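Reading the structure
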Amino acid sequence: MDRLEQLKQFIGKEFTQSPSPFMKWLNPIVLSVEEGHLEFQYKVRPEWLNPIGNLHGGVTAAIVDDIIGATMFSLNENSFITTINNVIDYFSTAKENDNIVAETKIIKRGKQFVNAQCEIWNADKTRLIARGTSNLFKINN
């Protein structure tokens, strides 16, 4: 079974079979899966908050980086694809127990480089919390 099909098996469920220990700690629920496009839901936990009770920017950045990594997994490439950089813009906040949705898409898929985007929204997608873009590099195994 290819990687895309493995991801699809978790639609509506927690993604417990991630090869990433960090993703297992983030504990997303898979909402939708297509090649180069994922949508995961997360519940904001107390340890994810900054001192004033909002979702910490570092956790937001980690979610962006992690789900973009999973998006690379969905491409079924023979190469390992690693992050070169992340740029995150923050627009709004989330609070403890809020559900947030991270959605990815591939902007450009080249021979050596991939540019991808992730948007993080509140649960009903009426408020954009953050948008991140990443450049990634294909490492031949």
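In its Sequence similarities (unreviewed entry) section, the UniProt record describing the protein reads: "Belongs to the thioesterase PaaI family."

**Thoughts on helix H3 (residues 57-73)**
The first and last C-alpha atoms of H3 sit 24 Å apart over 17 residues, in line with the 24 Å expected at 1.5 Å per residue. Every buried residue belonging to H3 is among Val59, Thr60, Ala62, Ile63, Val64, Asp66, Ile67, Ile68, Ala70, Thr71 and Met72, and all of these are buried.

**Some points on the nonpolar core**
Ranked by size, the top nonpolar core spans 34 residues in total, and within it Phe40, Tyr42, Trp48, Ile63, Met72, Ile100 and Ile120 carry the most contacts. With 7 residues, H3 is the single largest residue contributor to this core. Residues contacting Tyr42, with those up to four places away along its chain left out, are Leu26, Pro28, Trp48, Ile63, Ile67, Asp98, Asn99, Ile100 and Ala102.

**Remarks on the UniProt feature "domain: Thioesterase" (unreviewed entry) in the protein**
Following the UniProt record, the feature "domain: Thioesterase" (unreviewed entry) maps to residues 53-126 here. Within residues 53-126, the helical portion is 23% and the strand portion 43%, while the C-alpha atoms at the span's ends are 21 Å from each other.

**Concerning the sheet that holds strand E4 (residues 99-109)**
Reading across the sheet, the 6 strands line up as E1-E2-E4-E5-E6-E3 and stay open at both edges, with antiparallel pairing between neighbours. A single partner strand is all that each edge strand has here, and the edge strands are strand E1 (29-34) and strand E3 (80-90). Mean inter-strand twist for the sheet, computed between neighbouring axes without regard to direction, equals 20 degrees. Relative to strand E6 (residues 128-139), strand E5 (residues 113-122) runs antiparallel, the two being bridged by 9 bridges. Bridge pairing in E6 links Gln117 to Thr133. Those strands touched by H3 are strand E2 (37-43), E3, E4, E5 and E6, and its axis lies near 130 degrees from that of E5.

**Digging into the environment of Ile88**
Inspection of the secondary structure assignment puts Ile88 in strand E3. Each C-alpha atom of the pair Ile88 and Asn76 lies 26 Å from the other, and the pair is 12 residues apart in sequence. Setting aside anything within four residues of it in sequence, one finds Ile88 in contact with Ala61, Val64, Ala130, Arg131 and Gly132.

**Structural notes on the pairing of E4**
Here E2 runs beside E4; their pairing, made up of 5 bridges, is antiparallel. Pairing of Lys43 across the sheet is with Asn99, part of E4. Linking E4 to E5, which pair antiparallel, is a turn of 3 residues.

**Considerations on the packing of aromatic side chains**
Evaluated as defined, the whole model comprises 6 aromatic pairs. Both rings, one in Phe113 and one in Phe137, keep their centres 5.2 Å apart while their planes meet at 50 degrees; by these two values the pair is tilted. With Phe113 in strand E5 and Phe137 in strand E6, the pair connects residues that are 24 residues apart, well separated along the chain. Ring pairs connect the aromatic residues Phe22, Trp25, Tyr42 and Trp48, which therefore count as one cluster.

Criteria and cut-off values
Residues numbered from 1 in each chain as written. Predicted model: local features only at pLDDT ≥ 70, side-chain atom pairs only at ≥ 80, totals over all residues. Heavy atoms only, no water. UniProt positions renumbered as here; feature names shortened; annotations may be inferred. Helix = DSSP H or I, 4+ residues; strand = E, 2+ residues; numbered from the N terminus. Expected span 1.5 Å × (residues − 1). Buried < 20%, exposed > 50% of the residue type's maximum accessible area, 1.4 Å probe, protein only. Core = buried A, V, L, I, M, F, W, Y, C linked by side-chain atoms within 4.5 Å. Contact = heavy atoms within 4.5 Å. Pairing = 2+ DSSP bridges. Axes fitted to C-alpha atoms, helices over the stretch in contact; angles between N-to-C directions. Phe/Tyr/Trp six-rings, centres within 6.5 Å; stacked < 30°, edge-to-face > 60°.

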